Each structure stands twice: as structure tokens, then as C-alpha cells.
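Residue strings, one per chain:
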Amino acid sequence: MSFKVVYQHDKKDCGPSCLSMISIHYGKSYPLQYLRNISHITKEGVSILGISEAANHIGIESRSTKISLEGLYKNKDLLPCILHWRKNHFVVLRSITKNRLTNKLVYNIADPSHGLISLSEKRFKKSWLSDDEGIALYLYPTDDFYSANPPKEEQITIKYLLKYLAPHKKRIAIIFLLLLLGSCFTLIFPFLTEYLIDKGVSKKDLNYITTILLAQLFLFIGSLLFGVIRNWLMLYIGTKISITIISDFLKKLLQLPINFFDTKLMGDFNQRIQDNERIEEFLTSQSLLTFFSVISFSVFFAVLLYYDYKILLVYLLLTLISILWSLMWLKRRKMLDYYRFLHKSQNQESIYELLNGVTEMKLNQFESYKISEWEKIQNKLFKLNMKILKVDQIQISGFDFFNQLKNIIVTFLAATYVVKDSMTLGMLLSISYIIGQMNAPVNQLVNFLRSLQDARLSLERLNEVQNHAIEEKSKQQKLNLNTQAIKKGIELKKINFQYEGPKSPYVLKNINLFIPEGKITAIVGASGSGKTTLMKLLLKFYKPSQGEILYNSTEMNQLSAKSIRENCGVVMQDGFIFSDTIERNIATGDININDNKLEQAVKTANIGEFIESLPLKFNTKVGASGNGMSGGQKQRILIARAVYKNPHYIFFDEATSALDADNEKIIHDNLQDFFKGKTVLIIAHRLSTVKNADQIIVLKNGEIVEQGNHQELVQKKLDYYHLVKNQLELGN
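Residues numbered from 1 in each chain as written. Predicted model: local features only at pLDDT ≥ 70, side-chain atom pairs only at ≥ 80, totals over all residues. Heavy atoms only, no water.

### A few points about the overall build of the protein chain
- The helix and strand inventory of the protein chain stands at 25 helices and 16 strands.
- By the burial criterion, 48% of the 732 residues in the protein chain qualify as buried.
- By element, 56% of the accessible surface of the protein chain is carried by carbon and sulfur atoms, the whole surface being about 37,600 Å². (Helix = DSSP H or I, 4+ residues; strand = E, 2+ residues; numbered from the N terminus. Buried < 20%, exposed > 50% of the residue type's maximum accessible area, 1.4 Å probe, protein only. Areas by Shrake-Rupley, 256 points an atom, 1.4 Å probe, with all protein chains shown as cover.)

### Quick word on unusual backbone geometry
- In this structure, the amide linkage connecting Leu79 to the following residue, Pro80, adopts the cis form with an omega of 10°.
- Positioned with a positive phi, Asn103 is a non-glycine residue whose angle comes to about 65°.
- Here Asn103 is to be found in the loop between β3 (89-98) and β4 (105-111).
- Even without being a glycine, Asn510 presents a positive backbone phi close to 50°.
- Take Asn510: it is sitting in strand β8 (residues 508-516).

### Overview of the sheet that holds β3
- The six strands lie next to each other as β1-β6-β2-β3-β4-β5, forming an open sheet whose pairing is antiparallel. The strands lining the two open edges of the sheet, one partner per strand, are β1 (60-67) and β5 (115-120). Strand-to-strand twist across the sheet, computed as the mean angle between neighbouring axes with direction ignored, equals 30°.
- Where β1 lies against strand β6 (residues 134-141), eight bridges are found, and the strand directions are antiparallel. Of the residues in β6, the one forming a bridge with Lys66 is Ile135.
- Those strands touched by helix α3 (residues 48-57) are β1, β2 (81-85), β3 and β6, and its axis lies near 155° from that of β1.
- Each of β1, β2, β3, β4, β5 and β6 is contacted by helix α5 (residues 121-128), which is oriented at about 110° to β5, the strand it contacts most. (Pairing = 2+ DSSP bridges. Axes fitted to C-alpha atoms, helices over the stretch in contact; angles between N-to-C directions. Contact = heavy atoms within 4.5 Å.)

### Examining the environment of Thr211
- Along the chain, Thr211 turns up in helix α9 (residues 206-254).
- It is 9.5 Å that separates the C-alpha atoms of Thr211 and Gly200, two residues lying eleven residues apart in sequence.
- Within polar-contact distance, the side chain of Thr211 engages the backbone oxygen of Asn207 at 2.8 Å. (Polar contact = N/O pair within 3.5 Å; in protein donor to acceptor, adjacent residues only side chain to side chain.)

### Considerations on the nonpolar core
- Formed by 45 residues in total, the largest nonpolar core has its most connected members in Ile586, Phe652 and Phe675.
- Ranked by residues supplied to this core, first place goes to helix α22 (residues 631-645) with seven residues.
- Those residues in contact with Phe652 that sit more than four places away from it in its chain are Met535, Gly569, Val571, Ala642, Leu671, Phe675, Leu681, Ile682 and Ile683.
- Counting residues in each nonpolar core, the second largest holds 31 residues, with Ile495, Val507, Met535 and Ile697 among its members. (Core = buried A, V, L, I, M, F, W, Y, C linked by side-chain atoms within 4.5 Å.)

### Structural notes on the pattern of salt bridges
- Throughout the structure, instances matching the rule amount to five salt bridges.
- With a closest N to O distance of 3.7 Å, Glu703 and Lys509 form a salt bridge. Remark: Lys509 occurs in strand β8 and Glu703 occurs in strand β16 (residues 703-708); sequence separation between them is 194 residues.
- On the accessibility criterion, Glu703 (36% relative accessible area) is partly exposed.
- A residue is classified by how much of its surface remains accessible, and Lys509, at 28% relative accessible area, is partly exposed.
- Of the charged contacts in the structure, one is a salt bridge between Asp669 and Lys665, with a shortest N-O distance of 3.1 Å. Note that Asp669 and Lys665 are positioned in helix α23 (residues 661-674) at a spacing of four residues, about one turn of the helix.
- Since its relative accessible area comes to 38%, Asp669 is described here as partly exposed. (Salt bridge = Lys/Arg side-chain N within 4 Å of Asp/Glu carboxyl O.)

### Focus: helix α20 (residues 595-604)
- Of the residues making up α20, those classed as buried are Leu598, Ala601, Val602 and Thr604. What you see down the axis of α20 is that its buried residues fit within an arc of 165°, all on one side. The exposed residues of α20 that point more than 90 degrees off its buried face are Asp595, Asn596, Glu599 and Lys603.
- In this structure, the buried side of α20 is in contact with α19 (582-587), α21 (608-612), α22 and α23.
- With a side-chain oxygen lying 3.0 Å from the backbone nitrogen of Asn596, the N-terminal cap of α20 falls on Asn594.
- Count one or two residues on from α20 and you reach Asn606, which has phi positive near 55°. (Arc of directions from axis to C-beta.)

### Description of the environment of Asp111
- You can see Asp111 is positioned in strand β4.
- Distance from Asp111 to Gln8, taken between C-alpha atoms, is 9.1 Å for residues 103 residues apart in sequence.
- The contact partners of Asp111, leaving out residues within four places of it in the chain, are Val5, Trp85, His89, Val91 and Ile117.
- A polar contact of 2.8 Å, which involves the side chain of Asp111, links it to the side chain of His89.

### Some remarks on the packing of aromatic side chains
- Following the criterion strictly, the structure yields 14 aromatic pairs and no others.
- Here the aromatic rings of Trp85 and Phe124 are separated by 5.5 Å at their centres, their planes lie at 50°, and the arrangement is tilted. With Trp85 in strand β2 and Phe124 in helix α5, the pair connects residues that are 39 residues apart, well separated along the chain. Assigned by exposure class, Trp85 and Phe124 land together as buried.
- Geometrically, the ring pair formed by Phe674 and Phe675 is tilted, given 6.4 Å between the ring centres and 50° between the ring planes. Of the two residues, Phe674 and Phe675, both sit in the buried class.
- An aromatic cluster is built from Trp85, Tyr107, Phe124 and Trp128, whose rings are joined through pairwise contacts.
- Lys597 extends its terminal NZ or CZ atom over the ring of Tyr644, reaching a point 4.6 Å from the ring centre. (Phe/Tyr/Trp six-rings, centres within 6.5 Å; stacked < 30°, edge-to-face > 60°. Lys NZ or Arg CZ within 6 Å of the ring centre and 35° of its normal.)

### Here's the deal with the packing of α20 against α22
- Two numbers describe how α20 lies on α22: the axes approach to 8 Å, and their chain directions differ by 140°. Accordingly, the angle class assigned to the pair α20 and α22 is oblique. Note that α20 runs across α22; the crossing there is right-handed. Counting all contacts with α20, which are made through Lys597, Leu598, Ala601 and Thr604, the residues of α22 involved are Ala640, Val643 and Tyr644.
- For the contact of α20 with α22, the residue count by class is five nonpolar, one polar and one charged. (Parallel < 35°, antiparallel > 145°, perpendicular 65-115°, else oblique. Left-handed = near helix turned anticlockwise from the far one by under 90°. Nonpolar A, V, L, I, M, F, W, Y, C, P; charged D, E, K, R; others polar.)

Rendered as C-alpha cells:
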């Protein structure tokens, strides 16, 4: 029984891909994205626990174990199972068999990044064992698995992509007309050649020869002009379609929830942009040229049939063999394409890390190691490119061989006819010309099939983005700030939160909290206590595992995430500075910048002096991620951005942690006026910034352990007291 390989779309998809292979083996096909969601995948990948929970969710019982090689062989009847591979990957062990010649064990693997592989015991041990044992996850389908109906995933097809050609109907029609005229011109050439030889050269008629050659010249110039116009139109249509496809992709990408981006690496997104480019090439260059090639081929087919059907049959037979030869290698190319995607993603991630981590690398003498890691990736790419070249050379060489054999045999047949006086010399040259012209459409057809394969592979990867549920739902309502709700403010009821599923550690536990309207609430606690996670829940970056959050008595799930964020001014710990001007970094999406608001924001953030020192003042462009700016300057830009927005809710997460004492005091004092009438939530380690808050929440290990104002909490002499005693001078 053949085993279907489910290839991973991204670097961290190996776990869900393995589970997908197991479910297909037992007769049920689950969408990869569905399995990714229920296995709680992160940027670090998925754990054995996550795979087990996903398996249980679809009705497959699981048992993970550390087992020896001998134990694995004894349990071979329980295969397939999932193995933890090379300490950072998952594969499916399909079966263990014996080589008939050597009588040695062969381990048959389905690797979601490489395909079907058979390994010797030595190579298998090297990749799987650690201290004489390896981790295996055995899976047993239950009745629930067999009775379940897997969710259906709508697939993006080539037909779906044709909509991108619709706005260019007129230009495409012109291209087709030019292609048709070009084909007609080309059709005349073989007959002109025949007449040139048989009626001009044979009869030594120079006037006739001159007329025929002039006709050929004008036809050639006409075809040349048609080709130039056609290429310009193709460039125009191709560029416009490329812009539209990538623009639609980016728009859809930015509509997805934040947690989608938590599972992706930069290289994965870069590769998807390249996938869009491959689809654009398929839609324009390959599809239109192939259509033209079919027209040309059909025309010459008819002419060759007119000359001699036997020659046509020989031509078709050998052409079919050459095409089948090319198709035979497409499956191998498909697997190599998956390799290339994964390795290129690793390469881009490595380059991105080298460029962004250069300071830390120099400080810690990490350059040589990182360059060595990059070189390893390049060597992998080199070996992969050698394999691709080998396949391409075998494919192309075989194709060219059959083509050349076809030309020789057809020419031999035609020459035989000439010798036997059943065909003229002009007809022989005409047939030779036709055969040469028919080879190009066949080559184009093979290129089209390869491009179609590439486009389908790209579609599979883009399918995940296009079919992913967007964050905004049509039935969600906007946040109403003028509501007459009895309890105005933000309320959290019995909130629990886990990042990686039901059995993972709780980041927040049983949080019951009310953040009153128009008041300042501060959250304090040691690092890792859940403060930032709590803020992200309030911003609807994530959904609580249990419990509910209410804005003015309206459950957050009923509210549009966009409307919540529109009314929030947020400074995160890792706030981003865009590669743009200072004023655009402050005003962000406000197309017409309000000078009064800008001035007030700069004043509140105490960053005016810094801006005035810049050569172009507000129009000075800062580097990507704020390169060239100090941590304090970045934070003040972020504070100015939040103030410019003038929102109803203010969320500050360590907003002044990089500031010196003088700047912090000035900004703190400036913000007190700005906070009036607003609902404020401040997270801080520096407790001097939260001392005057209306209420202070103390988090410890994800739980609220204390709540009150500064004086009340100090008098209790519990956790808050111990947090502040080394930072503030406490009174009685």
C-alpha cells in the first residue's frame, strides 16, 4: 500500500504534517491548517504534547514513549508512528523491513520536508537515538475517528486565478489577434519556401526568386513588429497582475489575527511573496505563450497533414515519447521544489538574523559561528541545486534526443520521397521548416507543464493564507464609548490563558479584575508573571482559554478587534519604529497630519529637542526598526504616537523603562494631564511610575495576589511591599 506524503509548508509544520499523514493512512484527510490550529503550533514549532492533543481531538489515541531500537523493532506491528527526529523535527516511521540481498534492517521514513526515504540502521540511529533511546509517538484510531467527518478546506484552483486576467480582456484580445496574425504569417513561410525552390530556383527565374524573397522579408518584418507589440503588452499585463496578486495577498495577510503571525518566521513570508510571483508568471508568460503555441502547432499540424500523413504520424509518435519522458521527471522535480522552499526559507531567516543581530554578534564574538551556520545552509542549497540540475539535464537531454531523432527520421522519410520522385525538393525544405517550427510549441508545452506544477505547489502554500479566517467578522459590533451601561470600564471574569493548549502551563489563572472607566490601573509583578499577556488579551490579540472580557458590559467576542484598537493608544515593550519620517512614525495612519496634535504629542513625550537637532526635523527619515536611535528616543516616539492618537484607552507596557530619571519624571508629569478622563492601564517595573495609580494589581505566577492603592498595599507588607522596598522611600 502506497503511503501519501504530506509536505510541510513552513519550517515548523512538521508535526501537523506527520499527523496528517497518519490520519490519511487510516482513511481520513484533515486539512493541514486545521491540524496546525489544534496542535497549538508556535514559532518554536509543536511539541509531542501538542501533537498528542491534536490526535486526541480527531479521535486518535496516542502514547509517547522513550524506546530503544530493539523495542522499536518489537513494536513494528504498531507502525506507522511519529518519531522525534534530530532533536528538532518530526517524521513518520512507516515500516521496518529487511533488505533481501543483505538481510539488514531498512527503516522506511516519510519526512514532511523530504518525502519518502529508506535508511540503513546506522543512518537511522544517528538521526533518531539520543543516549541509546529515542522518542516515539504511537497512535491508535478509535471509533470516534472513523465516525468523524473532517472539515473541508476550499482549495484555490487555477480557475480561481483566472479572475486576475479579467480586467485585461481588451489587451489580451489584442495579444491573441497579434498571435493569430503572426501564426498566419508563419504559415505562409513554408509555402513560399516551396515555391522559391520549385518555381524559382529550379526554373532559374530571378524575378520570381526576388518576389518570393521580398515577400518573405515583409512577412518577417511584420512578424517582428507583432512580436514587439505583443511583448510590450505582455510586460504591461504581467506587471499589473503581479501588483494585484501580491497586493491582494498582503491585504488578506494583514486581515488575519495576530496569532497567525506568531507561528511564522520571516523566511516563510518571503517565500510566499515569491510564490505569488511564480503564479503571475504562470498566468501571463506561460499561459498566453502556450495558447499561442497551441495555435501555431495546430496550423503546422494541418499543413504537415496536407503534405504527408505518414510523416505526421512519425512526428506525433516521437513527440509523444519526448513529452512523456519530460513528464516522468516532474514528480522528482516536485519533491526537489519542496526542498528548495525549505532551504531558501532557512537561508533568508539566516541572512535576516545576520543583518539584525550584527551588534550582539560583534559584542559576543559570535560572527564565525553564525557565518559557519550560513555556509552550511549554502552547502545544502548547493547540493540541492546540483540534484535539480541533474534532474533537469536528464529531462532536457532526453527530450532533446527524442526531438533530434524525430527530425532525422522525418527528414529521412521526406528525402526518400524526393529520391523516389513522390515529393519535390521544395516540399522537403518546406517540411524541414515546419518541423523546426513545430518543435518550439512542444518545448513551450513542456515548460507550461513545469510552470503549472510550480503554480500548484505555490497555490498549496498560499491556500493556507487565503482560506484562513480573517480577524474581523461581519456580525461584530463597534465598541460603544457612549453607552449607558451600568458598569462602565473593562471587566475580566475568571480569565485563564494558555499559549499551547489545555495541558500546557497556565500563563494567567482565575483573573477577576475590573478596570474602572476614567481611572488609572497599574499592574506590577516579577518578569514572567503574565502582565504583558494580560494586556494582549485586552487588545484581542488572543482569546482567553476560559472566561470572558467585557468592555462596558459587552462581551469582547462580540466586538470588532479593529474598533477596540482604534480607541486604544498602546506602547508595547517591543514597539516598532517604521522606516519612515519622524512625523509619519508619530501620526502613522493619519493621512493629513494635524500639526496641533503633533506638537502636543511631541511636547508630552519630551522629544522636541531631539527632533530639532535632526537635519530635516520632522521630515528626517529614520532607519528600519529605528536604527540609529537610542532606546529612550524610540520609547519617546512611541509615547508621542500614542498621545497623538488621543484615544479613550491608554495601555502602556514598560513605556518608560529605557528613559533616564529626568526624562521619565518630565514625561510622567506631562502624562498626568493627558490621562485625565481616560481609562489607563500601566505595566511597569519601575514602581515610581505607578505609585499614584487609582488601583494597583499585583500579579504573581499568573494570578492576582494583591489589589489596592499604594498606601494600602504597602501597609500589608506582602508581595507589593517586597517589590517596592528597594525602589521607593516608604513612609509610615
